[in-house]
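Reading the structure
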Amino acid sequence: MDLLDGRLKFRHLVLLAAIAEHGTMVRAAESLHLTQPAATRTLRELEKLADVALFHREPRGMRPTVYGDALVGHARAVIAEVRRAGDHLTGLRDGQAGTVTVGTLLAGANLLLPRAVARLKAERPHLTVVVREGTFDVLHPALLAGDLDVIVGRVGPTPEPGRLRQRALYREPIRLAVRTGHPLLRGPAGTLADTVGHPWILPLEQTALRQELAAVFETQGLELPPNRVECTSILTMRTLLVSTDMVAALPELVLRDDDRLVALPVELPSVGRTVGTTEAAARIRTPGLVALLTALDVEAGALRLALAGR
């Protein structure tokens, strides 16, 4: 099947993505300001071109077939690239405008990204920065689909090295954090086993930090704390830590700037994280993304110096 013979139009892809998003032809047509007959005709053209049915017609709507599901993914990527091309041209024309969309993991959300965004906005006040927080299993598909320009956070082995480009910016230790005045701070230096009797905040199962912590517990012959909350939100974790006797694993730089949290004297030598950026390997960087990456480099350099002077 040759989709480059001139018959496939951009309107076909836009309608395909709209039907998949809205679930019915009526709502898809409304979202695109089309009449329903025009939308139906466009879908019929696309299905004739593909020579397969792209949607199951059901009483309550339309559901992509296996062929439709595959083509929807490509359509969304093409639409995102065209949108990005527009941002690229806007950035080149205006110099300071445009939009950059960032996915952030726990490892990038605490200090690096906010400082980089503040620096960027001081230099380019009319550049819009959109930040979306999530775990890598959610952000990774969004990056490849073109919904994100870059992911800032922990970097390491990637499931698709040929499609992703990573840059390491610094490595940061992970420490066990509690509130000031926590019972574990009284008396002699404790051990990891001493913390199990207290409630814990653990990262979600699909995170690398959770896997590393689980390995430390296993190495020391310990079960993961049964009384636990699973969370990756720094704001939620901090609120729980300062108001309860919970224990959590946090980046060292988070603890340095918080006078209500303290690091326990429990070493976790095998637990740390390398912070950096992840991009789609084949994608052209927009001026806004280049500016953000430059700001990240500058702020990462300052954080490296801070960590070196521990």
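A quick note: this is a predicted structure, and the numbers were derived from the prediction, not measured. (Residues numbered from 1 in each chain as written. Predicted model: local features only at pLDDT ≥ 70, side-chain atom pairs only at ≥ 80, totals over all residues. Heavy atoms only, no water.)

Once that is clear, we can look at the pattern of salt bridges. Applying the stated criterion across every chain yields a total of 17 salt bridges. For Arg179, the salt bridge is made with Asp245, and the minimal N-O distance between the two is 2.7 Å. Highlighted residues: Arg179 in strand 6 (residues 164-179) and Asp245 in the loop between helix 10 (234-243) and strand 9 (247-251), separated in sequence by 66 residues. We note a salt bridge from Asp258 to Arg238, for which the minimum N-O separation is 2.5 Å. Here Arg238 lies in helix 10 and Asp258 lies in the loop between helix 11 (252-256) and strand 10 (261-263), a separation of 20 residues in the sequence. According to the relative accessible area criterion, Arg238 is partly exposed, its value standing at 30%. Each of Glu205, Arg210, Arg228 and Glu230 takes part in one network of salt bridges that share partners. (Salt bridge = Lys/Arg side-chain N within 4 Å of Asp/Glu carboxyl O. Helix = DSSP H or I, 4+ residues; strand = E, 2+ residues; numbered from the N terminus. Buried < 20%, exposed > 50% of the residue type's maximum accessible area, 1.4 Å probe, protein only.)

Moving on, we get to the packing of aromatic side chains. Following the criterion strictly, the structure yields 1 aromatic pair and no others. For the ring pair Trp200 and Phe217, a centre distance of 5.4 Å and an interplane angle of 75° mean the geometry is edge-to-face. Within this pair, whereas Trp200 is found in strand 7 (residues 200-202), its partner Phe217 is found in helix 9 (residues 208-219), the two being separated by 17 residues in sequence. On the basis of relative accessible area, Trp200 is assigned to the buried category, the value being 0%. Judged by relative accessible area, Phe217 falls into the buried class, the value being 1%. (Phe/Tyr/Trp six-rings, centres within 6.5 Å; stacked < 30°, edge-to-face > 60°.)

Turning our eyes to something else, we now look at helix 10. If you check which residues of helix 10 are buried, you get Met237, Leu241 and Val242. The buried residues of helix 10 occupy an angular sector of 120° when projected down its axis, which confines them to one face. Exposed side chains of helix 10 directed beyond 90 degrees from the buried face belong to Leu235 and Ser243. On the buried face of helix 10, the contacting elements are strand 6, strand 7, strand 9 and strand 10. (Arc of directions from axis to C-beta. Contact = heavy atoms within 4.5 Å.)

With phi around 60°, His33 is a residue other than glycine that occupies positive phi space. Although it is not a glycine, Asp51 sits at a positive phi angle of roughly 65°. Mapped onto the secondary structure, Asp51 falls in the loop between helix 3 (36-50) and strand 1 (55-58). When its relative accessible area of 66% is taken as the criterion, Asp51 is described as exposed.

So, about the side chain of Glu279. Position of Glu279 relative to the elements: it lies in strand 11 (residues 272-280). Ignoring any residue separated from it by four or fewer positions in sequence, one finds Glu279 in contact with Leu143, Asp149, Val150, Arg163, Leu164, Arg165, Arg285, Leu289 and Leu293.

Turning to the environment of Leu46, a few remarks are in order. Structurally, the position occupied by Leu46 is in helix 3. Taking the C-alpha atoms as reference, Leu46 lies 8.6 Å from Leu13; in sequence the two are 33 residues apart. Setting aside residues up to four positions removed in sequence, Leu46 forms contacts with Leu8, His12, Leu16, Leu54 and Leu71.

Let us look at the environment of Ala39. Tracing the backbone shows Ala39 in helix 3. For the pair formed by Ala39 and His12, sequence separation is 27 residues and the distance between their alpha carbons is 9.2 Å. Among residues more than four places away in sequence, those in contact with Ala39 are Leu15, Met25, Ala29 and Leu34.

Right, let's get into the packing of helix 1 (residues 10-22) against helix 3. Helix 3 packs onto helix 1 with a crossing angle of 110° between their chain directions and a minimal axis gap of 10 Å. Here helix 1 lies roughly perpendicular to helix 3, going by the angle between them. Between helix 1 and helix 3, the residues in contact are Arg11, His12, Leu15, Leu16 and Ile19 and Ala39, Thr42, Leu43, Glu45 and Leu46, respectively. Taken together, the residues that form the contact of helix 1 with helix 3 break down as 6 nonpolar, 2 polar and 2 charged. (Axes fitted to C-alpha atoms, helices over the stretch in contact; angles between N-to-C directions. Parallel < 35°, antiparallel > 145°, perpendicular 65-115°, else oblique. Nonpolar A, V, L, I, M, F, W, Y, C, P; charged D, E, K, R; others polar.)

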